[in-house]
Amino acid sequence: MEFVSKWHPNRMGMVDFWYYTNEEFHFDHGHMLLRGSNGSGKSVTMQSFIPLLLDGN
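Figured I'd write up the structure that's included with this text. (Residues numbered from 1 in each chain as written. Predicted model: local features only at pLDDT ≥ 70, side-chain atom pairs only at ≥ 80, totals over all residues. Heavy atoms only, no water.)

**Let's talk about the overall build of the protein**
What the protein contains, in helices and strands, is 1 helix and 2 strands. Reading the helices (α) and strands (β) of the protein from amino to carboxyl end gives β-β-α. Taken over 57 residues, the protein has a buried fraction of 18%. In the protein, the share of contacts with a sequence separation of at least 24, taken over all contacts with a separation of at least 6, comes to 21%. (Helix = DSSP H or I, 4+ residues; strand = E, 2+ residues; numbered from the N terminus. Buried < 20%, exposed > 50% of the residue type's maximum accessible area, 1.4 Å probe, protein only. Contact = heavy atoms within 4.5 Å.)

Listed below in structure tokens is the structure:
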């Protein structure tokens, strides 16, 4: 079986978005864990990543 290399994100940054003035998120082999209390912005952060990952915009 031939090994096929896949694209994995390394990092993503946000500037002046939601609670983040200037934040950089690092991925470990394409994975990231967001942890925090209710209302801390985890869902909003992930929802903002989806268009960038799927569309590149």
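Picking up where we left off.
**A few points about a nonpolar patch on the surface**
The grouping of Trp-7, Ile-50, Leu-53 and Leu-54 at the surface amounts to a nonpolar patch, some 500 Å² of accessible area in total. Mapped onto the fold, Leu-53 is located in helix 1 (residues 42-55). (Patch = residues over 30% accessible without salt bridge, like charges linked within 9 Å, V, L, I, M, F, W, Y side chains within 5 Å. Areas by Shrake-Rupley, 256 points an atom, 1.4 Å probe, with all protein chains shown as cover. Salt bridge = Lys/Arg side-chain N within 4 Å of Asp/Glu carboxyl O.)

**Section: the pattern of salt bridges**
Side chains bearing opposite charge may pair, as long as their charged atoms lie close to each other. Within this structure, the stated rule accounts for 1 salt bridge. In this structure, Glu-24 engages Arg-11 in a salt bridge whose closest nitrogen and oxygen atoms are separated by 3.6 Å. Taken as a pair, Glu-24 in strand 2 (residues 20-26) and Arg-11 in strand 1 (residues 11-17) lie far apart in primary sequence, 13 residues in all. Taking the relative accessible area as the measure of exposure, Glu-24 reaches 39% and is therefore partly exposed. By relative accessible area, Arg-11 is classed as exposed at 56%.

**A few points about the environment of Asp-28**
Inspection of the secondary structure assignment puts Asp-28 in the loop between strand 2 and helix 1. A sequence separation of 18 residues divides Asp-28 from Asn-10, and the C-alpha atoms of the two residues are 7.0 Å apart.

Just distances and angles here, no functional claims.
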